[in-house]
Amino acid sequence: MAEHLEDDDKEALASLSNEPTPRKSHSHSQQLRTSTGVFRKRHHQVRKHSLDEREQTRGDSDDDLYHHSASVSASAAIDHVSPAIGGSNRYEYRLDQQVGGYEVGGNEGGGGGGGYSLPEFVASGGTGIFKVPVRAAVHPTRPPCLELRPHPLRETQVGKFLRTIGCTESQLWAGQESGLRVWNLLDAHEPGLGMGGRARRGDEDASPFYESVSTSPTMCLVIDLGNKLVWSGHKDGKIRSWKTDQAMDDNPFKDGLSWQAHRGPVLCMAVSSHGDIWTGSEGGVIKIWSWEAIEKSLSLSSEERHMAGLLVERSGIDLRSQVTVNGVCNISSSEVRSLLADTVRAKVWAAGALSFSLWDARTRELLKVYNVEGNIENRVDMPTNASTQEQQQVDEDMKDMKDMNVKSGSKSKKEKSQGSFLQRSRNAIMGAADAVRRVATKGTGAFVEDAKRTEALVMTADGMIWSGCANGILVQWDGNGIRLQDFQHHPCAIQCFCTTGTRIWVGYVSGVVQLLDLDGNLIAGWVAHNGPVIKLVIGGEFVFSLATHGGIRGWNITSPGPIDNILRLEVSEKEEMYTKQENIRILIGTWNVAQGRASHEALMTWLGSAISDVGIVVVGCQEVEMGAGFLAMSAAKETVGLEGSSTGQWWQDAIGKALEEGITFERVGSRQLAALLIGIWVRKSLRTHVGDLDVAAVACGLGRAIGNKGGVGLRLRVYDRIMCFVNCHLAAHLEAVNRRNADFDHIYRSMVFTRSTHIPNAAAGKMSHNITNSQGIVQDEVRPDLAEADLVVFLGDFNYRLFGISYDEARDFVSQRSFDWLREKDQLRGEMKAGKVFQGMHEGIIKFPPTYKFEKGKPGLGGYDSGEKKRIPAWCDRILYRDNRLLPTSQCGLECPVVCSILQYEACMDVTESDHKPVRCKLNLEMAHVDRSVRRKEVGNIVKNNEEIRLLQEATRSVPETIIDTTNITLQNQEAFPLKITNKSENDHVAFQIICEGLSIAKEDEGEPEYRPRGSFGFPRWLQVLPAAGLIGPDQTMEISIAHEEPHEEHADGVPPSWWSEDNRDKELILLVNIRGSCSSESKCQRISVHHSFSKTPQNPDSKNKKSQGSYQQRTSLKQSGNDEELQSLRGGGGDGGS
């Protein structure tokens, strides 16, 4: 602690009580406001002499200490004390029901890891946000799931992160940064060892899967069931095709047709109701790839792949160019975030950040441009990322702030001998903080607009369009782009949708998944992942969700429901089969280094001498670097995401050297906030089980903006359990107890670990598994990030002092090693008893001398401050923890996965480089975690063998009875035919969808027709089916119009589409009517034969030589008579490209 920042503690002593306080639960913050008097030396009447921890033997003093505290300190809170269990003295009552703090005795060989565990003091108040998080073998607030790919550690996914998924009835495809993966759903419950039985780190527990050859990062996927293809869009601008029925083996599977679609990344794709592929990219570019060109290219041999790609590439239609006239374009120039094929009305929706464009899928004409509020836009949208003026103002403020920092730094040097250092520092720092605050609040209007941006689109069974916004609002639109109504059931950004029957599944950036009905009412919700849900797809009987960390889970399509209840019970009963136990030790060190640097010998004494049996080392330092200029610049750097200093780096390197970094330990990460630094090192043998490091910082200094006081935190996963370590430096001075309490509360509540940067600060850090329960009811209580960890450790210079005692008396007690009476004078202990700070946390019983304040360079207890101020010795430097125990008797298991005990808690009194002594604490952790492969296998066995589940699944596969009035339709002379579908069910709705299974050209030899499907079972361009999908109520009939459509006479290179796109001979096609119940997992289909007689005389293209516009001028005609010529020209010019 910097001496120049301290005031004279003697002034505060005059207001303190001169009587030794009785042993009872009380708050020192309250006493400091009321106690007065002159101190009288009566402490010898209650003094209890004890030996130094190195001199005492195990047994007598510990037992006395435990029994004394049981009878006096915690008597008001405890009605019954149980006998020793497993060598431990433990209380049989809930920790969250205690009234005051209490002490728990240690045990020999405790903690399951051998060794002697120390007695502990436990604070009261472990309720509300300080309550231990709920853990169970099966999550109590969400349905059981199929964990297709458990959450992998982030470090294992470099270059392999999954970005999107798509699903067929039997396969799940995933696009990753280096290609594609595919899972066969029949093997979904099998134990996984990665591709070909070879486990790779991060995929050890994933279901068996296959991988493709390496490609550019995959951005989007589209499934074409009609042609058994998966289309993938990539960051390099290419589109690739993959066969779903190709043989999968140990070798990476290869792509088929590919072409260069965009200069930038392919951000989104959709297949229109006529089989064309629509793609969107940066700059508002939308392109169409006609099915005719794709079909022709797919028919070419593998040796002609290069020519096939060129054939499709030349057929592309740039819609942005088409609607640009004289440099003026009506559609947005922002990136195309989503494309949605409206198969009901044969339209395509394109969504930018704040606007939509609506297109006719058949004619490819722009129908409408409108903003997120539903207002029609006809203005030119210039490309911009933010307001230029606002950005310039922010830059100017940043420059002014930096100039001010320089000036304030030089000024402090000139006036060093004048006035109060603290006042000068305060003026400079508060000026910097004000500038930082101005910079941070600029552009607020842009943030408000950004919150309205569209993130996802979906079309429901009733033909409505739903969009999800970054502010959590769901907007319902009709098919013409009219905004109907909006809803909000969750405060975080919506990331994705999917829909089946009468349900809408919504995925949020908070990891929450919600189910809505078609009226927007909330049915259910739960936390599906501990990261943003970026994709939802339907596959078989599951809804699969993908999180940003790469985890994939499958939820029963009927969830929440009776199947979930049966599974939850059955899986819980087999807990022992899939539970694994681990044991690790953690060394935690804290030191206020007082702006100095330590020798290697000092670091070895503090840390290096205690690492022989530990797997993780966490080190926190305070006052690494101080000074007004440094603190102000650090605050400015924090606003732009910068941190660290050369001094902080020196400390990390020096500590790493003491820990044999690179040989024994590996540095995982660190975080520095001005004067605060925390770092973590992991033993190499444990490294494969540790990862997902996140960092956080909370300033508690001047204006809650400066980092001379505050906290820095690290969060990571160890054996799939969350651990948080927070290094704190709280408010100084003897009388500032309330400020210290407030600092801790502020840190605990507002610390947000920053890896998922999509979560807005308003919602981040406040989400929990209690956001919505299984019935979708929103909970009132929100929980900080720290509240959700399995292990939380606070370390640092907490600055709590000894009260009601003079300097000489404190020195007297310390010299006699009589620490138990001194503990009663400890402010922190009193505040923890009263439940005002560190609620529910544990600390080892202190048996080492106070660690503050010493004169630098003076060894031993004679080094306590003997200057003019004579600061009273105090235990400022502390280490506390909270594990998963709800009861002191809780045993390690999946309901209490982390059980901690203290093996060592001591100060290194021989280190003299600072006015504080370094403190270290060694924790022994028993940990329980799930073997996810084993559990997934057991879930599969339960689903397969449980008769009750089988009957329920059969019920979900049933489809309501429907009647279709015909199976044969003949169209001629552009007439329309009314097709009627009747729902015979009295209770259930029926969702129907009409697709084209295949088209055949009438043959003169009357041979067997050959039906060929278009992309995604699309309709030929001459056929109009309205509506092609919809929802039929109970006992109701829907009439569908099936008609021949006049050919669109827009020209391409002087050739009408009727000549270049489709043959004008008589045709036959098969319509497939798919019927599904409102919650059915399967569908029924009925085929309808449609005969079309083309009677209109074809028009010669030369008779109407209209001038083509926009992108049609650039497109190569694909008329039937010209296809062969086009191929011949490609072959002649690029015969060496087909490989």
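Another aspect to go through is helix H18 (residues 932–945). Between its terminal C-alpha atoms H18 stretches 20 Å, which fits the 20 Å expected from 14 residues at 1.5 Å a residue. All buried positions along H18 are accounted for by Arg932, Ser933, Arg935, Arg936, Glu938, Val939, Gly940 and Ile942.

Let's shift gears to the pairing of strand S41 (residues 721–729). Judged by how many residues are buried, S41 sits mostly within the fold: 9 of 9 residues are covered. As defined by bridge partners, strand S40 (residues 710–718) adjoins S41 across 9 bridges and the pair is classed as antiparallel. Across the sheet, the residue bridging to arginine 715 is cysteine 724, located in S41. Hairpin geometry of S40 and S41 is characterised by an intervening segment of 2 residues between the two adjacent antiparallel strands and by a positive phi of about 50 degrees at tyrosine 719. Direction of pairing for S41 relative to strand S42 (residues 791–797): parallel, over a ladder of 7 bridges. Directly across from cysteine 728, in S42, lies its bridge partner glycine 796.

Here we come to the environment of tryptophan 183. Looking at the secondary structure, you find tryptophan 183 in strand S8 (residues 179–184). Here tryptophan 183 falls in the buried class, since its relative accessible area comes to 0%. For tryptophan 183 and phenylalanine 209, which are 26 residues apart along the polypeptide, the C-alpha to C-alpha distance reads 4.7 Å. What tryptophan 183 contacts, discounting residues up to four positions off in sequence, is Leu148, Arg149, Leu162, Ser170, Gln171, Leu172, Ala174, Ser207, Pro208, Phe209 and Ile552. Separated by 3.0 Å, the side chain of tryptophan 183 and the backbone oxygen of serine 207 make a polar contact.

Next up on the list: the environment of cysteine 892. Structurally, the position occupied by cysteine 892 is in the loop between strand S44 (877–882) and strand S45 (898–907). Non-local contacts of cysteine 892, meaning those with residues more than four positions away in its chain, are made with Gln581, Pro897, Val899, Glu926, Met927 and Ala928.

Strand order in the open sheet made by the 6 strands is S37-S38-S36-S35-S46-S45, with mixed pairing throughout. Of all strands in the sheet, those bounded by a partner on one side alone are strand S37 (665–673) and S45. Averaged over all neighbouring strand pairs, the angle between strand axes comes to 15 degrees, with direction disregarded. In this sheet, strand S36 (residues 616–622) lies alongside strand S35 (residues 579–592) in parallel orientation, the contact comprising 7 bridges. When the sheet's bridge partners are listed, asparagine 592 is paired in S36 with glutamine 622.

Turning to the packing of helix H4 (residues 291–298) against helix H5 (residues 305–314), a few remarks are in order. At their nearest, the axes of H4 and H5 sit 9 Å apart, and the two run at 175 degrees to each other. Compared by their axis directions, H4 and H5 come out roughly antiparallel. Where H4 abuts H5, its residues Ala293, Ile294, Lys296 and Ser297 lie against Ala308, Leu311 and Val312. Residues of the contact of H4 with H5, tallied by class, amount to 5 nonpolar, 1 polar and 1 charged.

As a further point, take the nonpolar core. In terms of nonpolar packing, the biggest core is built from 55 residues, with Met723, Phe725 and Leu925 touching the most fellow members. Among residues more than four places away in sequence, those in contact with phenylalanine 725 are Ile586, Ile588, Val618, Ile678, Ile680, Val712, Gly713, Leu714, Leu716 and Val793. Core analysis: the second largest hydrophobic core is formed by 32 residues, Val737, Ile747, Met841 and Ile845 among them.

This part takes up the sheet that holds strand S15 (residues 277–280). Ordered by their spatial adjacency, 4 strands build an open sheet running S14-S15-S16-S17, and the pairing between neighbours is antiparallel. Each end of this open sheet is capped by a strand with a single partner; those strands are strand S14 (268–271) and strand S17 (317–318). Pairing geometry for strand S16 (residues 286–289) and S17, over 2 bridges, is antiparallel. From the neighbouring strand, lysine 287 faces S17, where its bridge partner is aspartate 318.

Applying the stated criterion to the full structure yields 30 aromatic pairs. Between phenylalanine 356 and tryptophan 477, the ring centres sit 5.1 Å apart and the planes meet at 65 degrees, which makes this aromatic pair edge-to-face. Pair noted here: phenylalanine 356 is in strand S22 (residues 355–360) and tryptophan 477 is in strand S26 (residues 473–477), with a separation of 121 residues, a long-range link. In this structure, lysine 825 is placed above the aromatic ring of phenylalanine 803, and the distance from its NZ or CZ to the ring centre is 5.4 Å. One cation-aromatic arrangement involves arginine 829 over phenylalanine 121; the distance from NZ or CZ to the ring centre is 4.6 Å.

Glancing now at the side chain of arginine 936. Along the chain, the position of arginine 936 falls in helix H18. In this view, arginine 936 contacts Leu146, Glu147, Leu148, Pro150, Ala188, His189, Glu190, Pro191, Gly192, Asp205, Ala206 and Ser207; residues no more than four positions away in its chain are not counted.

Once that is clear, we can look at the confidence of the model for the protein. Averaged over every residue, the pLDDT of the protein is 79; residues scoring 70 or more account for 75%. Contacts from residues 108–114, a stretch scored under 50 in pLDDT, to residues over four places away or in other chains number 22 contacts.

The amide bond that connects serine 559 to the next residue, proline 560, takes the cis arrangement and shows omega of -10 degrees. Residue position: proline 560 is located in the loop between strand S34 (552–556) and helix H10 (562–573). In the segment running from leucine 1026 into proline 1027, the intervening peptide bond is cis, with an omega of -15 degrees. Looking at the element boundaries, proline 1027 is found in the loop between strand S51 (1023–1026) and strand S52 (1029–1032). Located in the positive-phi region is aspartate 1035, a residue other than glycine, with phi close to 55 degrees. Relative to the elements of secondary structure, aspartate 1035 occurs in the loop between S52 and strand S53 (1037–1044).

Within helix H15 (residues 807–815), burial applies to Tyr807, Glu809, Ala810, Phe813 and Val814. For H15, the angular spread of buried residues about the axis comes to 165 degrees, placing them on one side. Looking at the buried side of H15, the elements it contacts are helix H16 (819–823). Arginine 817 lies just past H15 and shows a positive phi near 60 degrees.

A separate point is the pattern of salt bridges. A full pass over the atoms with the stated rule returns 53 salt bridges. Of the charged contacts in the structure, one is a salt bridge between aspartate 865 and arginine 871, with a shortest N-O distance of 3.6 Å. We note that aspartate 865, like arginine 871, is buried. Here the salt bridges share partners, and the residues they tie into one network are Glu147, Arg553, Asp692, Arg717, Asp720, Arg932 and Arg935.

Further remarks concern the environment of tyrosine 102. Along the chain, tyrosine 102 turns up in strand S1 (residues 102–104). Note: C-alpha distance between tyrosine 102 and glutamate 120 (18 residues apart in sequence) is 8.4 Å.

This paragraph deals with the pairing of strand S29 (residues 503–508). A regular strand places its side chains on the two faces of the sheet in alternate fashion. The buried fraction of S29 is high, at 6 of 6 residues. Where burial is concerned, the two faces of S29 agree: the one with Arg503, Trp505 and Gly507 and the one with Ile504, Val506 and Tyr508 are both buried. Between strand S28 (residues 494–500) and S29, which pair antiparallel in sequence order, lie 2 residues; one of them, glycine 501, sits at a positive phi of approximately 60 degrees. With 5 bridges connecting them, S29 and strand S30 (residues 512–517) associate as antiparallel partners. Counted as the bridge partner of arginine 503 is aspartate 517 from S30.

Further remarks concern the packing of H10 against H18. Between two packed helices, what matters for the description is the angle formed by their axes and the separation of those axes. Close contact between H10 and H18 brings their axes to 10 Å; oriented N to C, the two are set at 130 degrees. Of the possible angle classes, the one that applies to H10 and H18 is oblique. For the pair H10 and H18, the crossing hand works out as right-handed. Judged by residue contacts, Leu567, Glu570 and Val571 of H10 engage Arg935, Val939, Ile942 and Val943 from H18.

Reading the values: the criteria
- Counting restarts for each chain: residues are numbered from 1 in the order of the written sequence.
- At least 70 in pLDDT is required for a residue's local features to be given in this predicted model, at least 80 for side-chain atom pairs to be given and counted, and no such filter applies to totals for whole chains, interfaces and linings, which use all residues.
- With hydrogens and water set aside, each side-chain value is computed from the structure's full complement of heavy atoms.
- Counting from the N terminus, the helices are DSSP H or I runs at least four residues long and the strands are E runs at least two residues long.
- What a helix is expected to span follows from its residue count: subtract one and scale by 1.5 Å.
- Remark: exposure states derive from per-residue accessible area (1.4 Å probe, protein chains only) relative to the maximum for the residue type, with buried under 20%, exposed over 50%, and partly exposed in between.
- Strand pairing is assigned whenever DSSP identifies at least 2 bridges connecting the two strands.
- Whether two residues are in contact is decided by their heavy atoms: any pair within 4.5 Å suffices.
- Pairs of N or O atoms are called polar contacts if they sit within 3.5 Å, as long as, within protein, a hydrogen donor faces a hydrogen acceptor (for residues adjacent in sequence, only side-chain-to-side-chain pairs).
- Axis definition: a line fitted to C-alpha atoms, limited for helices to the stretch in contact. Angles are taken between N-to-C directions and run from 0 to 180 degrees.
- Working rule for angles: under 35 degrees goes down as roughly parallel, over 145 as roughly antiparallel, 65 to 115 as roughly perpendicular, anything else as oblique.
- Only Asp, Glu, Lys and Arg are considered charged, only Ala, Val, Leu, Ile, Met, Phe, Trp, Tyr, Cys and Pro nonpolar, and every remaining residue, Gly among them, polar.
- To define a nonpolar core, start from buried Ala, Val, Leu, Ile, Met, Phe, Trp, Tyr and Cys residues and group those joined through side-chain atoms within 4.5 Å.
- Centres within 6.5 Å are what make two rings of Phe, Tyr or Trp a pair, Trp counting through its six-membered ring; a difference in plane orientation under 30 degrees is then read as stacked, over 60 as edge-to-face, and the rest as tilted.
- A ring is scored as having a charge over it whenever the NZ atom of a lysine or the CZ atom of an arginine sits within 6 Å of its centre and within 35 degrees of its normal.
- One confidence number per residue, pLDDT, is output by the predictor and ranges from 0 to 100.
- Along the arc lie the directions from the helix axis toward the C-beta atoms.
- Definition used for salt bridges: Asp or Glu carboxyl oxygen within 4 Å of a side-chain nitrogen of Lys or Arg.
- Each helix crossing is assigned a hand: it is left-handed if the near helix lies turned anticlockwise from the far helix by less than a right angle, otherwise right-handed if that turn is clockwise.

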